[in-house]
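Understanding the architecture of this molecule
For reference, the chains in residue letters:
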Amino acid sequence: MMAKFAAVFMAVLFCALPLRAQEVTSFTLDNGLDVVVIEDHRAPVVVHMVWYRVGAADEPPGKSGIAHFLEHLMFKGTETRASGEFSATVEAQGGRDNAFTSWDYTGYFQRVAADRLDLMMEMEADRMVNLRLPEAEVLTERDVVLEERNQVVEGSPGAIFREIQRAALFMNHPYRAPIIGWRDEIAALTPEDAVAFYDAHYAPNNAILVVAGAVEPEDVRELAQAHYGPIPANAALPPRTRPQEPVHRAERRFTYADARVSEPYVSRSYLAPNRRSRAQEEAAALTVLAELLGGNPATSVLGQALQFQEQVALFTGASYMSVALDPSSFDLVIAPLPGVSLQEAEDAMDRVIADFLRDGVDPAQLERVKTRIRASEIYARDNVQGLAQRYGEGLASGLAVEDVQGWPEVLQAVSADDVMAAARAVFNRDRAVTGWMVQAEDAEAEGGEE
Amino acid sequence: MLRILSFVATLLIALPAQAQIDIREVESPGGITAWLVEEHSIPFVALELRFGGGANVDEEGARGAVNLMTGLLEEGAGDLDAAGFAIAAEELAASFRFSPGHDAVSVSARFLTENPDEAVALLRLALVEPRFDPEAVERVRGQVLAGIRSDRVRATAIAAQEFNARAFEGHPYAAPIEGTEESVAALTREDLLRAHEWALTRDRLHVAAVGDITAEELGDLLDRLLGDLPASAPPAPGEAEFSLAAGETVIPFGAPQSVIVFGQPGLDFDDPDYFAAFVMNEVLGGGRFSTRLMRELRETRGLTYGVGTALISRDHANALMGQVSVPNARAGEAVELIRQEWARMAEQGITAEELERTQTFLTGAYPLRFDGNANIAQILVSMQAEGMPIDYPNTRNERVMAVTVEDVQRVAAELLSLDRLHFVIVGQPEGLAAAE
């Protein structure tokens, strides 16, 4: 179905509130491509991003890593462009390009002078449907990915630890597999696997175009229509339903020992709800909770108690991943000072959490967190690529433009009671994995010259 | 009263688009010079301070003093303890980052237009009246020691430290700015007070501000912020001699990959051949997908996720350095490939087509860097630290375009030397011809 003269639905969501002063326009092409335009006219620069609503959690069983592998292969040739020509062309414009893969999305972006947007769209639209993958190039690139895994996972005890923790937290959901894939499964990926995944998921009706910078929405609409508009929608796009978590009935625990660990730590990961469209309140409360518990060490609940008062911890932290298509995780971490055992550290952390659940939120601290969130919206406007990221990952993770725009206000509306209700719900050890990172007794990594 | 020394309307002739940025040099009533870009569309200011000196002012027996001192600036100042300071910053929604380096201590501040006076008063406390309370000193010392211990079991850190220790033997550059476990454990409050007095002075200070502020407001603000700092610092250390010879140093380490840090002497930014060397490095290994090293090691052989080289231009030393992680079994092959590319570049230089492609990229990419108040403030401070004139952005692309194939050929032949190229390899490398 070709839409030569598409009628384009256009919604301008501009609000002069200080919370969301940047001008954001969104519309959808007839073939289903969602488009978001963020204007920032300070510099004649544009960021052009295409986000696909497919990531590591959408991979077929046994094919972990295929989403990320395909992301690498997208820089090979198309029917009309040679391998490597894409990046070479961006460079020839003085631009930078790269790509990224997560559990819920795969994204491609270029940062170029604003008057080169046309060419970027032409090339990105081309590789949306015309990718060509010679076998020899695929196999060499697979070696590159294996070395990437060696560098970023095998070379980092913390990354190995997180892989174990995630695989234990998600008992059934594909979030359990690492984005880059399990080593043996990466090594077995074929060109056919890549083509099958590409054909199934890369289509305009499974993509979001985000253009941010010195552009006019009307110009973006015309260019998008010219380049992406002619690509037909994929009517056979698979529904995005993944296996969900069963009821978690018992805490899981593990210990990982590695010779390359100097500072042991305890990390606890709880299953936690994600932001959902028109239902972001609980996620907002959890976002505030993470800030209250583990934001600035000098003022946060964990930092104040364990680094400053009791002085048992070198480091404490709390983090929460709010943007995800399916329920995600809320994490706590404590690295004890030398001489304090991991058991003592874990007990201390749990005691502070129990005290917090009993005593509640310090109203002054909540007020300061909100002040910072309000200001962070002003500071965020200095980084248009960061704003583009928000819309891209949000829309690829089940949110609408209105949800992304409304998020700062949802955060401002969080009350102390909301925070406590969210905390009581999330801090359930039956739905958690606790890991201990310890130093292995192994002299191999001790060093010394030959 | 504010005296405006000069006003330069800088037109960046970005090849495709035109980026216009007005950089003004202003001098405060108290005599502090700053570069300013007024940008009133977002209600905040990015302020960047660079205090020259850095860890180079550490005394021989007190390595790590400047690093620890910098880590303590926010941990209690004036009448505020660490928590009090953090609460005050949160209430203002201001943020301060203090970054120690070999050559400088950098301060990056952001504050809202609605409360600049309060934010600057708070930052002044940290810079001028840090308390160095014993409890805070011990807490931050513990964090620094943990970082040093974790670097001892991190292959990339081991490789870089070994390289620096051997390349710059006898100079402060030989040691990490954090110091050693022994030196940090021995640091006294007096060491910290001296580091503070020597590392944060007005004579080696560079300042840039970008955002919602006028020249007059900035001058007034700078006098309040910095007027009480000491005027001068002790003399800088001498030049560091690059003392590594060709060869390979292997440090056994248990991991599937070998981390390889390699390098040789470089050249100074002031050197008339700098831009030719810069263009040459872009072609050789400058960090993009299309460099020769990326093509040989990654695209053709799948040996690595990434390889890059860079001209390192520090205040007292220069080097051309690179890094790559490869499978242990193919470490020898990688080292040999890097040597081959080194030799090929030294003998043949680059082609006219490579020169044109690189010039197009560099000149097109340059204006794209001036994106965002915080980014621009950092660029402006770096320009000042390198001694560039305020109209440098106008001339920079001309300098890149002036480089010829012959320039690169000559500079490559003079600079690149297999007789000086040293490899530090951390891992269990196989296939090395002859390890030292």
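Overview of the structure. What you are looking at is a predicted structure, and each value in this text was computed from that prediction instead of being measured.

Topic: the interface of chain A and chain B
- Counting residues at the interface gives 57 residues for chain A, matched by 68 residues for chain B.
- Our count for the contact surface shared by chain A and chain B stands at 7 salt bridges.
- Counting the contacts that link chain A with chain B gives 22 residue pairs in polar contact (both at pLDDT 80 or more).
- Listed by contribution, the elements that provide at least two residues to the side of chain A that touches chain B are helix 2 (85-92), strand 5 (96-101), strand 6 (106-113), helix 4 (135-154), helix 10 (301-309) and helix 12 (363-380) of chain A.

Quick look at the packing of aromatic side chains
- Going through the model one piece at a time under the given rule, you end up with 32 aromatic pairs over all chains.
- Aromatic pair Tyr379 of chain A and Phe44 of chain B: ring centres 5.2 Å apart, planes at 90 degrees, arrangement edge-to-face. Taken together, the residues Tyr379 of chain A in helix 12 and Phe44 of chain B in strand 4 (residues 44-52) connect one chain to another.
- The buried category is assigned to Tyr379 of chain A, whose relative accessible area is 8%.
- On the basis of relative accessible area, Phe44 of chain B is assigned to the buried category, the value being 0%.
- On the numbers, 5.4 Å between centres and 80 degrees between planes, the contact of Tyr366 of chain B with Phe370 of chain B is edge-to-face.
- Arg127 of chain A extends its terminal NZ or CZ atom over the ring of Phe75 of chain A, reaching a point 4.7 Å from the ring centre.
- Here the guanidinium or amino end of Arg288 of chain B rests over the ring plane of Phe361 of chain B, the centre of that ring lying 4.2 Å away.

Regarding the sheet that holds strand 14 (residues 422-427) of chain B
Residue and element names in this part refer to chain B.
- Taken in spatial order, the 5 strands of this open sheet run 10-14-11-13-12, and their pairing is mixed. With one partner strand each, in any of the chains shown, strand 10 (247-252) and strand 12 (307-313) form the two edges of the open sheet. Looking at each pair of strands side by side, their axes are set apart by 15 degrees on average, direction ignored.
- Looking at chain direction, strand 11 (residues 257-265) and strand 13 (residues 318-327) are connected through 9 bridges and run antiparallel. Within strand 13, the residue paired with Gly263 across the bridge is Met321.
- Helix 11 (residues 331-348) contacts strand 10, strand 11, strand 12, strand 13 and strand 14 of the sheet and is inclined by roughly 25 degrees relative to strand 11.

What about the nonpolar core?
Residues and elements named next belong to chain B.
- Counting 72 residues, the largest nonpolar core has Ile260, Phe262, Leu297 and Leu380 as its most contacted members.
- The element best represented in this core is helix 9 (residues 274-284), accounting for 9 residues.
- The two domains that each donate at least three residues to this core are domain 1 (24-226) and domain 2 (247-435).

Examining the environment of Ala186 of chain B
Residues and elements named next belong to chain B.
- Examined against the element boundaries, Ala186 turns out to sit in helix 6 (residues 181-186).
- The exposure class of Ala186 is partly exposed, given its relative accessible area of 48%.
- It is 36 Å that separates the C-alpha atoms of Ala186 and Glu118, two residues lying 68 residues apart in sequence.

Describing the pairing of strand 9 (residues 205-211) of chain B
Residue and element names in this part refer to chain B.
- With 6 of 7 residues buried, strand 9 lies mostly within the body of the structure.
- Across 4 bridges, the pairing between strand 3 (residues 33-38) and strand 9 is parallel. Bridged to Glu38 within strand 9 is Gly211.
- In this structure, strand 4 lies alongside strand 9, joined through 7 bridges in antiparallel fashion. Note that in strand 9 the partner of Ala46 across the bridge is Val210.

Concerning the pattern of salt bridges
- This structure, assessed with the given rule, holds 64 salt bridges over all chains.
- In this structure, Glu299 of chain B and Arg298 of chain B form a salt bridge, with 3.3 Å as the shortest nitrogen-oxygen distance.
- Between Glu353 of chain B and Arg357 of chain B there is a salt bridge; the shortest N-O distance is 2.9 Å. Highlighted residues: Glu353 of chain B and Arg357 of chain B, both in helix 12 (residues 352-365), separated by 4 residues, approximately one helical turn.
- We classify Glu353 of chain B as exposed; its relative accessible area is 51%.
- Overall, the relative accessible area of 38% leaves Arg357 of chain B in the partly exposed class.
- Within the structure, one salt-bridge network assembled from shared partners comprises Glu251, Arg253, Arg268, Glu346, Asp350 and Arg429 of chain A.

Rules used in this analysis
Residues numbered from 1 in each chain as written. Chains lettered and ligands numbered in written order. Predicted model: local features only at pLDDT ≥ 70, side-chain atom pairs only at ≥ 80, totals over all residues. Heavy atoms only, no water. Contact = heavy atoms within 4.5 Å. Salt bridge = Lys/Arg side-chain N within 4 Å of Asp/Glu carboxyl O. Polar contact = N/O pair within 3.5 Å; in protein donor to acceptor, adjacent residues only side chain to side chain. Helix = DSSP H or I, 4+ residues; strand = E, 2+ residues; numbered from the N terminus. Phe/Tyr/Trp six-rings, centres within 6.5 Å; stacked < 30°, edge-to-face > 60°. Buried < 20%, exposed > 50% of the residue type's maximum accessible area, 1.4 Å probe, protein only. Lys NZ or Arg CZ within 6 Å of the ring centre and 35° of its normal. Pairing = 2+ DSSP bridges. Axes fitted to C-alpha atoms, helices over the stretch in contact; angles between N-to-C directions. Core = buried A, V, L, I, M, F, W, Y, C linked by side-chain atoms within 4.5 Å. Domains from an automatic or database assignment.

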